[in-house]
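# Close look at the chain arrangement
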Amino acid sequence: MTAATKPLYIVLLGAPGAGKGTQARLLTEELGIAHVASGDLFREHLNNQTELGRLAKQYMDRGELVPDDVTIRMVMERLERPDCAKGAILDGFPRTVAQARALDEALSTRGLQVDIVPYIKVSEETLVARLSGRWICRQCQATYHTLFNPPKKPGVCDICGGELYQRSDDTEETVRRRLQVYFEQTLPLIEYYQERGLLVEIDGEQEIDAVYRDLLAAIHQVAGVGTE
Ligand code: ADP
Ligand code: AMP
């Protein structure tokens, strides 16, 4: 179908802990487009002990944003890779208006654009509860929660059997700072995308399956994909 051949760019907007990564992993399978998570890319650099990884760590440990120039360069390079030919689900990027502008410019030079921006809305209280119980697979990055989405066997990934760990920036103090940074620097993106008619609010307080259902319905409306 013609709609399915056009690359699809989805920006998942929401605070840390809103469920972006959880939903992006479900959507990437359903839609067959890449999952591009800037936080995962920085953690990959950290694990590989690259120069960028060392630089990013200084910001990530404090819950601050990594500077725009290096972040934009890293994500744009990622979007050039072959697995993004059909589009991408962007998770954690953009986080500033400068990043959103850079994304728009990069896509428009290729005759493309952001198609939809689902905003996963969750209360601050829920965000803190979700981040403090989050566990992640070292191997495949799947995400679990002690109470809301526990693995079948504690400490072991259901999908690949990898070891689960808690992120060092999911401590209460850093979480508070990350949320503050989100409110100051990322929240203006709601207006940015609203003005462009791309924002769709999704109730992120619901269970994972219900959030996923609403997301898919919103994406169908703009892109006519995912129903086959
Ligand atoms: P983000 O990528 O937005 O930071 P995650 O997808 O990592 O958020 O989710 C944060 C935590 O909340 C994880 O432990 C995840 O299992 C859990 N979670 C995600 N969505 C929901 C939901 N709808 N209800 C309850 N817990 C959720
Ligand atoms: P996340 O995995 O999305 O929670 O991101 C973890 C950390 O990586 C953030 O607290 C930032 O320090 C950094 N980071 C991730 N994405 C971005 C971005 N788009 N801009 C700046 N910093 C980012």
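Anyway, here's the lowdown on the structure attached to this text.

Calculation rules
The residue count restarts for each chain, going from 1 along the sequence in the order it is written. Lettering for chains starts from A, numbering for ligands starts from 1, and both go in the order in which the items are written. Two thresholds apply to this predicted model, a pLDDT of at least 70 for residue-level local features and 80 or more for giving and counting side-chain atom pairs, whereas whole-chain, interface and lining totals are computed over all residues. Think of the side-chain values as coming from all heavy atoms in the structure, minus any hydrogens and water. We define a nonpolar core as any set of buried Ala, Val, Leu, Ile, Met, Phe, Trp, Tyr and Cys residues linked to one another through side-chain atoms lying within 4.5 Å. Exposure classes here rest on a 1.4 Å probe applied to the protein chains alone. A residue is buried below 20% of its type maximum, exposed above 50%, and partly exposed in between. Counting from the N terminus, the helices are DSSP H or I runs at least four residues long and the strands are E runs at least two residues long. Contacts: residue pairs with any heavy atoms within 4.5 Å of one another. Axis definition: a line fitted to C-alpha atoms, over the contacting stretch in the case of helices. Angles run 0 to 180 degrees between N-to-C directions. Classes in brief: Ala, Val, Leu, Ile, Met, Phe, Trp, Tyr, Cys and Pro nonpolar; Asp, Glu, Lys and Arg charged; the others, Gly included, polar. If even one non-hydrogen atom of a residue comes within 4 Å of a molecule or strand, that residue is called near it. Counted as a polar contact is a pair of N or O atoms within 3.5 Å, where, for protein atoms, one must be capable of donating a hydrogen and the other of accepting one, and residues adjacent in sequence contribute only when both atoms are in side chains. For the accessible areas, the method is Shrake-Rupley and the probe is 1.4 Å, while residue cover comes only from the protein chains on display.

### Thoughts on the nonpolar core
In this structure, Ile10, Val36, Leu79, Leu103 and Tyr193 are the most contacted members of the largest nonpolar core, which totals 62 residues. The element contributing the most residues to this core is helix α10 (residues 208-223), with 7 residues. Setting aside residues up to four positions removed in sequence, valine 36 forms contacts with Leu41, Val75, Arg78, Leu79, Cys84, Ala88, Ile89, Leu90 and Asp91. Formed by 5 residues, the second largest nonpolar core is a distinct cluster that contains Cys137, Tyr144, Cys157 and Leu164.

### Focus: the packing of helix α8 (residues 172-186) against helix α9 (residues 188-195)
Put simply, α8 and α9 touch, their axes get as near as 5 Å, and they point 35° apart. Where α8 abuts α9, its residues Phe183, Glu184, Gln185 and Thr186 lie against Pro188, Leu189 and Ile190. Of the residues contributing to the contact of α8 with α9, the split by class is 4 nonpolar, 2 polar and 1 charged.

### A word on the site of ligand 1
In the vicinity of ligand 1 lie 19 residues, with Gly17, Thr22, Arg134, Tyr144 and Gln206 positioned nearest. Separating an oxygen atom of ligand 1 from a backbone N or O atom of glycine 19 is a distance of 3.0 Å. Within the contact set of ligand 1, an oxygen atom lies 2.8 Å away from a backbone nitrogen or oxygen of lysine 20. Protein contacts shield 93% of the accessible area of ligand 1, which totals 560 Å² for the unbound molecule. Breaking the shell around ligand 1 down by element, the ones donating at least two residues are α2 (20-31), β6 (143-145) and α10. Across the shell around ligand 1, the residue classes tally to 7 nonpolar, 8 polar and 4 charged.

### Looking at the site of ligand 2
Close to ligand 2 lie 15 residues, the nearest being Ser38, Arg43, Glu64, Gly92 and Gln99. For ligand 2, a nitrogen atom lies 3.0 Å from a polar atom in the backbone of valine 66. Within the contact set of ligand 2, a nitrogen atom lies 2.9 Å away from a backbone nitrogen or oxygen of glycine 92. Isolated, ligand 2 exposes 490 Å² of accessible area, and the fraction of that covered by the protein chains is 95%. No other element matches the 4 residues that helix α3 (residues 38-47) contributes to the shell around ligand 2. Here the residues of the shell around ligand 2 are counted per class, giving 5 nonpolar, 5 polar and 5 charged.

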